[in-house]
Amino acid sequence: MEKKYYAPSELIINEDGSCFHLHLKPEFLADKVILVGDPARVNTVAAHFDSIEHEVSSREFHTITGTYKGKRITAQSHGIGCDNIDIVMNELDTLANIDYTTRTEKDEHRTLTCVRIGTCGGLQPFTPVGTFIASVKSIGFDGLLNFYAGRNNVCDLEMEKAFTEHMSWNPIKGAPYVAVADQELINQVAADDMVKGYTVACGGFYGPQGRELRAAVGDPEQNQKIEAFEYDGMKICNFEMESSALAGLAALLGHRAMTCCMVIANRWAKEMNTGYKNTIDTLIQKVLDRI
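Residues numbered from 1 in each chain as written. Predicted model: local features only at pLDDT ≥ 70, side-chain atom pairs only at ≥ 80, totals over all residues. Heavy atoms only, no water.

A.B. asks: For the overall build of the protein chain, give the residues involved together with the corresponding values.
C.D. replies: Counting its secondary structure elements, the protein chain contains seven helices and 14 strands. The globule rule puts the C-alpha radius of gyration for 291 residues at 19 Å, and the 19 Å found for the protein chain is close to it. Principal axes of the C-alpha set define a box for the protein chain whose edges measure 55 × 45 × 40 Å. If you take every contact in the protein chain between residues at least 6 apart in sequence, the share linking residues at least 24 apart comes to 75%. When the accessible surface of the protein chain is totalled, it reaches about 13100 Å², and 51% of it is carbon and sulfur. The average position of the 28 basic charges and that of the 39 acidic charges among the side chains of the protein chain differ by 3 Å. (Helix = DSSP H or I, 4+ residues; strand = E, 2+ residues; numbered from the N terminus. Rg over C-alpha atoms; globule rule 2.2 N^0.38 Å. Contact = heavy atoms within 4.5 Å. Areas by Shrake-Rupley, 256 points an atom, 1.4 Å probe, with all protein chains shown as cover. Lys, Arg positive; Asp, Glu negative; His and termini not counted. Charge placed at Lys NZ, Arg CZ, Asp CG, Glu CD.)

Rendered as structure tokens:
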């Protein structure tokens, strides 16, 4: 069978042979990838590396590849939101699985292991500020995965149905999807010292997360309903903005992925830690040791 050719308008390669947004070349991508939102946090991750072989920055995308205790790791920032995860996961996959010279898929699939380290808002009394949460399944409010064929094959459709019924979901918001993280990776990284639960990945920081400033939210009861939802003995533990797209796209593309976050605000208790940047390094160290 003739291989699919990826045209220049679809697979955009820069003049130096790097992918369009990340400006990363195939040879500088490790099999293990640590994803973080803040470009500056890439430096925090890389500060633990024993050696650094490559660094590049473009817009909110900052990459450092190096070694940690004998493991080759790429630390990659993605900025904020599921739309940025769409860029990062697709471009990382092209670096791994498309020959940039011929613009065709490689003969052998290369699987990436991706762990996102982020911050989040806790939604339960058992997720106070400082808690580490591993997202077993993520409910995407952003709609991103709905644009891809095969989304039903990598989503928990029964949980989607239960959630939309529980929420009396207004279809004007678009259809939420439930993406499933790699279970083996969850067990490996979360171990027995992270809370395992469900996550809502929101399409914004304010209204979509029930924060009301001068613009009123459409459903004032949204957060209370989310906090009360339970499925298969688990509750929704936190809000963040990227985990659903990461888990869903990784599954579609044949990669292993998960998200673990540190709670910096507890919406239930109305607590906030603005000095979290001084403490998230503990979570980074755990992930580096376990990935």
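A.B. asks: How would you sum up unusual backbone geometry? Please name residues and give values.
C.D. replies: Positioned with a positive phi, R59 is a non-glycine residue whose angle comes to about 55°. You can see R59 is positioned in the loop between β2 (51-58) and β3 (61-68). Residue R59 is classed as exposed on the basis of its relative accessible area of 70%. One non-glycine residue, K69, lies in positive phi territory at about 50°. (Buried < 20%, exposed > 50% of the residue type's maximum accessible area, 1.4 Å probe, protein only.)

A.B. asks: I'd like a description of the nonpolar core, backed by residues and values.
C.D. replies: Of all hydrophobic cores here, the largest spans 34 residues; its most connected members are L24, L29, L92, C114 and Y177. Top element by residues in this core is helix α2 (residues 82-97). It accounts for seven residues. Once you skip the residues sitting within four places of it in the chain, C114 turns out to touch V33, L35, M89, L185, L246, R256, A257 and M258. Of all hydrophobic cores here, the second largest spans 30 residues; its members include V42, I117, F132 and I291. (Core = buried A, V, L, I, M, F, W, Y, C linked by side-chain atoms within 4.5 Å.)

A.B. asks: Report on the packing of helix α1 (residues 39-46) against helix α7 (residues 281-290), specifying residues and quantitative values.
C.D. replies: Describing two packed helices takes the angle between their axes plus the distance from one axis to the other. Axis separation between α1 and α7 bottoms out at 10 Å; the angle between their running directions is 60°. When the axes of α1 and α7 are compared, the pair comes out oblique. As α1 runs across α7, the sense of the crossing is right-handed. When α1 is examined against α7, the residues R41, T44 and V45 are found in contact with a partner set consisting of D281, I284 and L288. Partitioned by chemical class, the residues of the contact of α1 with α7 number three nonpolar, one polar and two charged. (Axes fitted to C-alpha atoms, helices over the stretch in contact; angles between N-to-C directions. Parallel < 35°, antiparallel > 145°, perpendicular 65-115°, else oblique. Left-handed = near helix turned anticlockwise from the far one by under 90°. Nonpolar A, V, L, I, M, F, W, Y, C, P; charged D, E, K, R; others polar.)

A.B. asks: Could you give an account of the pairing of strand β8 (residues 132-140), with specific residues and numbers?
C.D. replies: Most of β8 is tucked away, with nine of its nine residues classed as buried. Strand direction decides the pairing type here: β8 and strand β13 (residues 256-266), joined by three bridges, are antiparallel. Bridge pairing in β13 places F132 opposite M262. In terms of strand pairing, β8 meets strand β10 (residues 195-201) through seven bridges, oriented parallel. Bridge pairing in β10 places K137 opposite Y198. (Pairing = 2+ DSSP bridges.)

A.B. asks: Please provide a residue-by-residue account of the packing of α2 against helix α6 (residues 243-253), values included.
C.D. replies: At their nearest, the axes of α2 and α6 sit 9 Å apart, and the two run at 25° to each other. Taken together, the axis directions place α2 and α6 in an arrangement best described as roughly parallel. Like other packed secondary-structure pairs, α2 and α6 cross with a definite hand, here right-handed. Taking contact as the criterion, the partners of C82, I85, D86, M89, N90 and D93 in α2 are, on α6, S244, A245, L246, L249, A250 and L253.

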